[in-house]
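Structure assessment
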Amino acid sequence: MTRILLGISASAAVAKAADLASKLRQAGHEVNVVLTPNAAELISAQLLEALTGRPVHVSEYGPNRRCAMDHIELARKTELLLIAPATADLIGQLAAGLAPNLLTTLSLAIPADVPRVLIPAMNPFMYAQPAVQRNLKTLASDGWRVEEPATGEVACGDEGPGRFLETHEVLRRLGDLLGA
Ligand SMILES: Cc1cc2nc3c(=O)[nH]c(=O)nc-3n(C[C@H](O)[C@H](O)[C@H](O)COP(=O)(O)O)c2cc1C
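Quick look at the structure, then. A quick note: this is a predicted structure, and the numbers were derived from the prediction, not measured.

**Considerations on the overall build of the protein chain**
Helix and strand content of the protein chain: 10 helices and 7 strands. Seen through its principal axes, the protein chain has C-alpha atoms that stretch 40 × 35 × 30 Å. The buried share of the protein chain, taken over its 180 residues, is 48%. Residue pairs in contact within the protein chain that sit at least 24 positions apart in sequence constitute 71% of those at least 6 positions apart. For the protein chain, the accessible surface area stands at approximately 8500 Å², while carbon and sulfur atoms represent 52% of it.

Structure (structure tokens):
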């Protein structure tokens, strides 16, 4: 059993992320979901709580916070940080070391020896942008494992690299980290 912190950002692939969360739980892992505030506009925290059996976190401020300092509490427990799907925006924030929300703050607070994996999902034109590719290279050299997205049709109908991986492919690629 691995204690996974599953970070979900605001991509059209949030529905696939819900399936991923469910399959990880079924495989016996503890899945703690953190949504960016924008992702919480696209998918319900309640659904993810039902699928994972765990509280879902969005902000460490206000009435919905879980502890006095959620970013420290969650970071301490995490054995694998998996950000899937990762938007172009979130990738840029992580590459710059910015921490405007709970997920980005947590990503900085997690100890350096905890494996961190990022699976991008975006329109192929976004994925091909030099700024996005530069940010991904920065994250890889900072120790992130950056998985290549699939090539194919994305939600808006464009085709190319940037499509979020299917759940079975995520589980296959992360087999070494998930004890499979
Ligand atoms: C329905 C919808 C789908 C989106 N899908 C993506 C996506 O797959 N990848 C991406 O980089 N941005 C996507 N965006 C744009 C991001 O949501 C936007 O850049 C946002 O600022 C990202 O916020 P976050 O990184 O804090 O979650 C989408 C927006 C909407 C409304």
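From this point, the narrative continues.
**Focus: the packing of helix H5 (residues 88-96) against helix H6 (residues 102-109)**
Remark: H5 packs on H6, axes separated minimally by 10 Å, with the N-to-C direction vectors making an angle of 40 degrees. Here H5 and H6 pass one another in a crossing that is right-handed. Every residue of H6 that contacts H5 at Leu90, Gln93 and Leu94 is listed here: Leu103, Thr104 and Ser107. Grouping the amino acids of the contact of H5 with H6 by side-chain chemistry returns 3 nonpolar, 3 polar and no charged.

**Here we look at H5**
Among all positions in H5, only Ala88, Leu90, Ile91, Gln93, Leu94 and Ala95 are buried. Just downstream of H5 lies glycine 97, where phi reads positive at about 70 degrees.

**As for the site of the ligand**
If you check the shell around the ligand, you find 13 residues, and the closest are Ala10, Thr36, Thr87, Asp89 and Ala121. Taking threonine 36, its side chain carries an N or O atom lying 2.6 Å from an oxygen atom of the ligand. Compared with its free state, where it exposes 640 Å², the ligand has 64% of that area covered by protein. For the shell around the ligand, the leading source of residues is H5, giving 3 residues. Across the shell around the ligand, the residue classes break down as 7 nonpolar, 5 polar and 1 charged.

**A look at the environment of threonine 36**
With respect to the helices and strands, threonine 36 occurs in the loop between strand S2 (30-35) and helix H2 (39-42). Accessibility expressed as a relative area gives 6% for threonine 36, which makes it buried. Separated by 22 residues in the primary sequence, threonine 36 and valine 58 place their C-alpha atoms 5.9 Å from one another. Those residues in contact with threonine 36, other than ones at most four positions away along the chain, are Ile8, Ser9, Ala10, Val58, Asn101 and Leu103.

**Considerations on the sheet that holds S2**
The strand order across the open sheet formed by 5 strands is S2-S1-S3-S4-S5, and the pairing between neighbours is parallel. Whereas interior strands pair on both sides, the edge strands pair on one side only; in this sheet they are S2 and strand S5 (145-146). Two elements, strand S1 (residues 3-8) and strand S3 (residues 80-86), share 4 bridges in a ladder whose sense is parallel. The partner of isoleucine 4 across the bridge, within S3, is leucine 80. Sheet contacts for H6: S1, S2, S3 and strand S4 (116-120); angle to S1, the most-contacted strand, approximately 140 degrees.

**Thoughts on the nonpolar core**
One finds Leu6, Ile8, Val33, Leu35, Leu48, Leu82 and Ile119 to be the most contacted residues of the largest nonpolar core, which totals 28 residues. Among the elements of the structure, S1, helix H1 (14-26), S2, S3 and S4 are those that each provide at least two residues to this core. Examining the composition of this core, we find that 6 residues originate from one element, H1, more than from any other. Look past the residues within four positions of leucine 35 in its chain and what remains in contact with it is Ile8, Ala40, Ile43, Ala45, Leu48, Val56, His57 and Val58. Listed in part, the 24 residues of the second largest apolar core include Ala86, Leu103, Val132 and Trp144.

What counts and what doesn't
Residues numbered from 1 in each chain as written. Predicted model: local features only at pLDDT ≥ 70, side-chain atom pairs only at ≥ 80, totals over all residues. Heavy atoms only, no water. Helix = DSSP H or I, 4+ residues; strand = E, 2+ residues; numbered from the N terminus. Buried < 20%, exposed > 50% of the residue type's maximum accessible area, 1.4 Å probe, protein only. Contact = heavy atoms within 4.5 Å. Areas by Shrake-Rupley, 256 points an atom, 1.4 Å probe, with all protein chains shown as cover. Axes fitted to C-alpha atoms, helices over the stretch in contact; angles between N-to-C directions. Left-handed = near helix turned anticlockwise from the far one by under 90°. Nonpolar A, V, L, I, M, F, W, Y, C, P; charged D, E, K, R; others polar. Near = heavy atom within 4 Å. Polar contact = N/O pair within 3.5 Å; in protein donor to acceptor, adjacent residues only side chain to side chain. Pairing = 2+ DSSP bridges. Core = buried A, V, L, I, M, F, W, Y, C linked by side-chain atoms within 4.5 Å.

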